[in-house]
Amino acid sequence: MTPFARASKYRRHKFAGPVLVVAALITMGSAFSIASALPSATKMSAAATTTQIAEGKKIFASGCSSCHGLNAEGSSIAPALIGVGAASVDFQVGTGRMPMADMSQQAERKPPKYNAAETAALAAYVASLAPGPSAVDGANLNYERDGNTAQGGELFRTNCAMCHNFAAQGGALSQGKYAPTLMGVEPKYIYEAMITGPQSMPIFSDKTITPAEKLSIIKWIKAAQNEPALGGATTGRVGPVTEGLLAWLLGLGSLIGIAVWLATKAR
Amino acid sequence: MSQKERIIGGVANYVDERTGAAKWLNKNLKKVFPDHWSFMLGEVALYSFIILLLSGTFLTFWFDPSQRDVVYNGSYMPLQHVQMSAAYASTLHISFDVRGGLLMRQIHHWAALLFMASIIAHLLRVFFTGAFRKPREANWLIGVGLVTLGIVEGFLGYSLPDDLLSGTGIRIAEAILQAIPVVGSYIAFFAFGGAFPGHVFIPRIYTVHVLLLPGAFLALITIHLMLVWYQKHTQYPGPGRTEKNVVGYPLMPVYMAKAGGFFGIVFGVTAFLGAVASINPIWLYGPYTPGQISAGSQPDFYMGWLDGLVRMSPPLETHAFGHTISWNILIPGLIVPGILFTGMALYPFIESYISGDKREHHLLDRPRNVPNRTALGAMSLTFMMVSLINGGNDLIATHFHMSINQIMWMSRIGIFILPPLAFVITKRICLSLQRADRDLVLHGRETGRLVMLPHGEFVEVHEPISPEKAWTLTSHIQPVAISHVTEDANGVAKPKALINKLRSRMSSANAEQAPAATISEAKELEGGHH
């Protein structure tokens, strides 16, 4: 006896009609509720974004427009922000680089001027001008789980160390510009820097370095940052310059001191 | 005679009857050496060399000087499964999987830095005190050879682990080889057994680093010390010290104890540094691949000036007859160091030629009493310091918030301006110090006590200095300029007039002195002293 034959046996059951109606109602209802729930969520966030954008526009007008122009169109001293996306704003404002403290060669990392909500508003406003990379949610970056330290190290040495130094301590660029140290930088900002290429940094698109590889890089940077001083005091992890200083000052310095003492003792 | 004495005496007698050692030992164990802290700088170099031999031998037990590809599988997690050379993998193994390996590696590297630093300090002491003068010119040459070999040995040493930094250094060495006109590319191909990086360079430099150069060091150091022994040690001027004697303490027991103790101290300082301070953390650099480089790649300090010179050189290149000549590497990488080291090696002969001084010297100069030499030394040091500072220009730029371009331009200008300036300033300071010495001898020490004379005049009371001190300040012989003779006794013009003129002018510059106080002057003043 086939299942169909079994079902057909109940086809003329007295409850067949009502059961079918209920089942149809449940199907229709839940389909409708799912279908209606999706746009309504979008609508809600759209409503939030509208206020956010307005809020962001206000902050932008008071805090950013003097350099970047009233409509983020840029000026002779600052670039246009149309199309840079929320990620760029989140990085620049979230790490305190923007607004700049002074017109130096490069915006430096400092305590942020705007709080998280204000930064999000600014990001929403700039993102509303033209599409661009969206901000990264730090909670979604599970680099500890998804990254590979050794692979990240290889990628870091190939793509990042030439400016940021072998141990991510930062390095000099031309004309007073510099690649900052990556010690203590939040993972999401490292990620955003890679996708937006702030200041002198190139953009590492997802084709150049895949999202998974980006997580590996972050994992390696964090491993380097948290690595205990394996050989003793690190002298800054900047190579032989500080080692040479230490050899002369502490090494030969103390030995000369002892030599003077020994020569005095003999008299 | 106790039992012990009888046994020792028996053994000593046995040895002496067969070798005749007693007479030799008796003479040499009593050999007198002068005492001064600055005479111990060379000792530091010697002791760090011994430490280098010992710690280096330890490292060879595990180091695999091979560029064969391996996949790392040791206990340092961030490099797990990374492809690397066996040289790098074995250095990681020494650092993390050999008991005491990292400590030994760090001791070896710190001892190397200390070795070079103490050699340089020793060289400066010998230069500024004129210890290189006759009869010690040969020992000066050996010393110059040692410092040159030391630079090479150090470079080869930190090139061996095949980490990212050392590979970068080798790459630059290859570039310098290639910059030699015409034959450069052939020499580079020969050294690397083909194209860079190849597979033979590290095995080759390993042999040079652990066999050839240490052997050369041992030979040169032995001759260096034998000459010190044979020619006797120089001493600072002072009462009772002449060109014919040595005032000091006997080797046995004073210097045996001091030298033994000092060796222990040098070992202690090196071990302390190795234990508390990280040096060359190769695991952070990662394995070398030609496609990678780190910002702020610097050589160790004794190569730093060379790097600084290369960094400041403008991009000059000429193409002629199908050959490229990279002046930007050739000049700072080969020509300038060549001139510097040749000049340093020849300096004793140059000075003797200029001053016409062919006497033997066993008493050292006080640097102020030879203003020209001291100023030349300050000039060379300034040149080196400007180069060295430019070698770290990127770190200075980031740490002092400066522009790397500004530092480079300051170095480019400074390398020409500052050394002559240092010469002039140092020479003036030396002459002023000579005048101060003269005042001290003739008028005594300022006591700071003011006395009012009966007629109301205030004078500061000067206290005569001790005769010993007066002797020390006045006993040196001041150089006399060679006069420029254009004709001989018969009125015939001498050949090489231009060279002779140049020599006499250099000689008079060399002889520029504030007149030293003489005994008659002192007596004259004493007679009518206030």
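Keep in mind that what you see is a predicted model, and the values were worked out from it rather than measured.

Novice: Give me the overall build of chain B: which residues, what numbers.
Specialist: Summing up its helical and strand segments, chain B has 19 helices and 8 strands in all. The principal-axis extent of the C-alpha atoms belonging to chain B is close to 90 × 80 × 60 Å. Here chain B holds 530 residues, and the buried ones make up 38% of them. Within chain B, counting contacts between residues at least 6 apart in sequence, those at least 24 apart form 71% of the total.

Novice: Any details on the pairing of strand β7 (residues 445-452) of chain B? Residues and values, ideally.
Specialist: Residues and elements named next belong to chain B. For β7, the tally of buried residues reaches only 0 of 8 residues, placing the bulk of the element at the surface. Here β7 pairs with strand β8 (residues 458-463) via 5 bridges, running antiparallel. The residue bridging M452 from the neighbouring strand is F458, located in β8. Where β7 folds back onto β8 in an antiparallel hairpin, the turn is made up of 5 residues, including G456, whose phi is positive at roughly 100°.

Novice: Any chance you could break down the environment of R359(B) for me, citing the residues and the numbers?
Specialist: For R359(B), the location among the structural elements is in the loop between α13 (327-355) and α14 (371-391). A count of 9 C-beta atoms within 10 Å places R359(B) in the exposed class.

Novice: Can you break down the domain arrangement of chain B residue by residue, with the values?
Specialist: Domain boundaries in chain B define domain 1 (1-30) and domain 2 (43-62 + 72-286 + 303-365). If you average the C-alpha positions of domain 1 of chain B and of domain 2 of chain B, the two centres end up 40 Å apart.

Novice: Outline the interface of chain A and chain B, listing residues and values.
Specialist: Every contact between the two is made by 53 residues of chain A and, on the other side, 59 residues of chain B. Listing elements by their share of the side of chain A that touches chain B, those giving two or more residues are α7 (149-159), α8 (161-164), β1 (171-172), β2 (178-179), α10 (211-226) and α11 (240-265) of chain A. In terms of residue count, the dominant contributor to the side of chain A that touches chain B is α11(A) (18 residues). Here the side of chain A that touches chain B is built from residues that sort into 31 nonpolar, 18 polar and 4 charged.

Novice: Lay out the packing of helix α3 (residues 41-60) of chain B against helix α5 (residues 101-128) of chain B with the relevant residues and their values.
Specialist: Residues and elements named next belong to chain B. Where α3 meets α5, the axes come as close as 8 Å, and the angle between the chain directions of the two elements is 155°. In terms of orientation, α3 and α5 fall into the roughly antiparallel class. For α3 against α5, the interelement crossing comes out left-handed. Residue classes in the contact of α3 with α5 are distributed as 16 nonpolar, 7 polar and 2 charged.

Novice: For the confidence of the model for chain A, give the residues involved together with the corresponding values.
Specialist: Mean pLDDT over chain A stands at 87; residues scoring 70 or higher make up 88%. Ignoring residues within four places in sequence, the model shows residues 39-44 of chain A, a span with pLDDT below 50, making 0 contacts including any to other chains.

Novice: Residue-level account of unusual backbone geometry, with values.
Specialist: Note that the residue after M98(A), namely P99(A), is joined by a cis bond; omega there is -5°. Tracing the sequence through the fold places P99(A) in the loop between α4 (85-94) and α5 (116-129). Across the junction of M252(B) and P253(B), the peptide omega takes the value 5°, indicating a cis bond. By the secondary structure assignment, P253(B) is in helix α10 (residues 251-276). Positive phi is not limited to glycine here, since R237(A) has a value of about 50°. Relative to the assigned elements, R237(A) resides in the loop between α10 and α11. The phi angle at H401(B) is positive, at roughly 50°, despite the residue not being glycine. Tracing the sequence through the fold places H401(B) in the loop between α15 (393-399) and α16 (404-443). For H401(B), a count of 12 C-beta atoms within 10 Å corresponds to the exposed category.

Novice: Quick rundown of the domain arrangement of chain A? Include the residues and the values.
Specialist: All names here are of chain A. Domain annotation for chain A reports domain 1 (40-135) and domain 2 (137-231). The C-alpha centroid of domain 2 is placed 23 Å from the C-alpha centroid of domain 1. At the interface, 15 residues of domain 1 touch 12 residues of domain 2. When the residues that make up the side of domain 1 that touches domain 2 are grouped by side-chain class, the tally is 6 nonpolar, 7 polar and 2 charged.

Novice: Please give an account of the confidence of the model for chain B that cites residues and values.
Specialist: Mean pLDDT for chain B: 92, with 99% of residues reaching 70 or above. Scoring of the predicted complex yields 0.89 for pTM and 0.90 for ipTM.

Novice: Hey, could you go over the nonpolar core for me, with residue numbers and the actual values?
Specialist: Formed by 142 residues in total, the largest nonpolar core has its most connected members in A123(A), V126(A), I221(A), L114(B) and F115(B). The leading source of residues in this core is α5(B), at 16 residues. Other than its neighbours up to four places away in sequence, I221(A) contacts F156(A), A168(A), L182(A) and I190(A). By size, the runner-up hydrophobic cluster in this structure holds 9 residues, among which are A378(B), M379(B), V386(B) and F423(B).

About the criteria used
- Residues numbered from 1 in each chain as written.
- Chains lettered and ligands numbered in written order.
- Predicted model: local features only at pLDDT ≥ 70, side-chain atom pairs only at ≥ 80, totals over all residues.
- Helix = DSSP H or I, 4+ residues; strand = E, 2+ residues; numbered from the N terminus.
- Buried ≥ 20, exposed ≤ 12 C-beta atoms within 10 Å, placed from the backbone.
- Contact = placed C-beta atoms within 7 Å.
- Pairing = 2+ DSSP bridges.
- Domains from an automatic or database assignment.
- Nonpolar A, V, L, I, M, F, W, Y, C, P; charged D, E, K, R; others polar.
- Axes fitted to C-alpha atoms, helices over the stretch in contact; angles between N-to-C directions.
- Parallel < 35°, antiparallel > 145°, perpendicular 65-115°, else oblique.
- Left-handed = near helix turned anticlockwise from the far one by under 90°.
- pLDDT = per-residue confidence, 0-100.
- Core = buried A, V, L, I, M, F, W, Y, C linked by C-beta atoms within 7 Å.

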